[in-house]
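Here are the chains, one letter per residue:
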Amino acid sequence: MTANILWWICIALETTLLVRGIFSALVKKYRLFYGYITCILAVEVIRLIFYLSVPDHYASVYWYSELATIIASYAVLIQILQQSLRPYPGLLRPLTRLLWIIFAITVSYACCDLFANRGVSLSRVAADLGRDLRFVQGALLLTMLWLFGRHRLSLGRNLGGITIGSAIWIGANVINVAFLYLQMREFSTFLTELLPVTYSITLTVWCISLWSAAPAAASRLATGPEEHLAMMTMKTRTTVAGTSDRLLEVLRQR
Amino acid sequence: MTFVALLSIVLLGTLILVLGTRLAAQMIETGRAKSATIEDYLRAERVLDSVVMEAETMKRILSHDDARFIAEQGTCEAQKLFESERKRLALRWVRRMQKQVSELMKLHLMLARYTSKPMPKLELDVSAKCLTFKLISTVVLAIIWLVGPFRAASVVTYTLNSAAYFCGIFRLRHVDVQGSRPASEPGSR
């Protein structure tokens, strides 16, 4: 009963998110993200139809649709990366390259996995593939979050909300998927039951942060940073290394 | 799935949640804080310079001459007071240095994001040097806190001398190996 209520709440939140996105014109700015939300909403409705009318096929439909949504959720990562690093071309290029390399490796691995598991049922293969893709996605998001924190990027309310929501959802999912494959049935059941709650929290975060279009965080550019950067990097290196030497020199007895 | 794999995946999920929370906190903080400029960086560098310039004074403060004088002339209480004062000074100096280096590094990273010509090798080197400094200063802090500034000086000297000794030995070994390599070995020409 509670699960059904949560299901309906999630559908309602996704619809609200889409409607607000259209009204606030955020759909144009975050096309990939809203594309993902549309995909999720369609999947939820299909699952609900199968659950109510053909419950025997629900499990296989669930795993295929789960795989589709995981692949679609990579679009959110690309969206976050593109929007957040637009003002910082120095970071955008190497990171986009890295993202594509990792994505290519994952897809190749997934293809190899498909060939290797020919005898196994397709829903099982879909589940395993979904798990691996989720782990890679988690690692990618972790790298991005670390980078945002390290360089103190100002994301603004809209993009910040998308990123934080994704962190909640993917983080909880990675932990859940890991425990699903372990023999700790009671704990994994508890985590699986907690997952819809986490998803509705994620949707609430997205709804609040994307309710209206917020201006991108203003970044006050330093005067002529390009010319100074090479000098500044050298200076930081020399200063930090010199400080270490000085510290040891003070304590060293002659 | 092995236990180690499971542990690393759970750690990955937990780290995502932690960094997500940190990002939220950072967003609230960014709303209040201003962005960095090259002037802020230069100011931070000047402050760090002034802290490092105190090195000579610190050397004098931590010198064994004063400690020896107090041990010979002063009472036990005076000696304790002297040691605790010097320990407090040494700890404060190292902490100030750590704080200033972190501040400088923070400003450096804030400014580095604006460039369209990234220098990954140099940036990596700067990060490695900063990490080394953090490690050294934390170890020094721990030693001063545990054994006091005067004995810490002995420990540091001993460690540095040992490191220099081993480096010397390894360098000699390397020269020996290079010298005794047979001529037929590939790449020895």
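**Student:** How do you make sense of the overall build of chain B when you look at a structure like this?
**Tutor:** Check the secondary structure of chain B and you find seven helices and zero strands. Each helix (α) and strand (β) of chain B, taken in turn from the N terminus, gives the series α-α-α-α-α-α-α. Across chain B, every contact between residues at least 6 apart in sequence was considered, and the portion connecting residues at least 24 apart equals 78%.

**Student:** Sorry if this is basic, but what is going on with the packing of helix H4 (residues 58–84) of chain A against helix H7 (residues 156–180) of chain A here?
**Tutor:** Packed helix pairs are specified by the crossing angle of their axes together with the interaxial distance, meaning the distance between the axes. All names here are of chain A. With their axes 10 Å apart at the nearest point, H4 and H7 run at an angle of 145° to one another. For the element pair H4 and H7, the recorded crossing hand is left-handed. Residues Val76, Ile80, Gln83 and Ser84 of H4 form the contact with H7, whose own contacting residues are Leu159, Ile162, Thr163 and Ser166. In terms of residue class, the contact of H4 with H7 is built from four nonpolar, four polar and no charged.

**Student:** Explanation requested: unusual backbone geometry in the structure shown.
**Tutor:** Where the residue is not glycine, phi is negative for most of them; where a peptide bond is considered, it is trans in most cases. We note that A:Ala25 has phi near 65°; this positive angle belongs to a residue other than glycine. Along the chain, A:Ala25 falls in the loop between helix H1 (2–23) and helix H2 (26–29).

**Student:** So what exactly am I meant to see when it comes to the confidence of the model for chain A here?
**Tutor:** Reading fine detail from the predicted coordinates is not recommended where pLDDT is low. All names here are of chain A. Here chain A averages 79 in pLDDT, and 83% of its residues register 70 or above. For chain A, the element scoring lowest by mean pLDDT is helix H9 (residues 225–251), at 68; helix H3 (residues 31–53) scores highest, at 89. Low pLDDT, under 50, characterises residues 218–223; the predicted model gives this stretch 14 contacts beyond four residues in sequence or across chains.

What counts and how
Counting of residues starts from 1 at the beginning of each chain's written sequence and follows it residue by residue. Here the convention is simple: chains get letters from A, ligands get numbers from 1, in the order in which they are written. Totals for whole chains, interfaces and linings use all residues, but because this is a predicted model, local features are given only for residues with pLDDT of at least 70 and pairs of side-chain atoms are given and counted only at 80 or more. Think of it this way: any DSSP run of H or I at least four residues long counts as a helix, any run of E at least two long counts as a strand, and we number them from the N terminus. We call two residues in contact when the distance between their C-beta atoms, placed using the backbone, is within 7 Å. Only the stretch in contact is used when fitting a helix axis, every axis being a line fitted to C-alpha atoms; angles between N-to-C directions are given from 0 to 180 degrees. Two helices crossing with the near one rotated counterclockwise from the far one by less than a right angle form a left-handed crossing, whereas a clockwise rotation gives a right-handed crossing. Gly counts as polar in this scheme, as do all residues outside two lists: the nonpolar Ala, Val, Leu, Ile, Met, Phe, Trp, Tyr, Cys and Pro, and the charged Asp, Glu, Lys and Arg. pLDDT expresses how confident the predictor is about each individual residue, on a scale running from 0 to 100.

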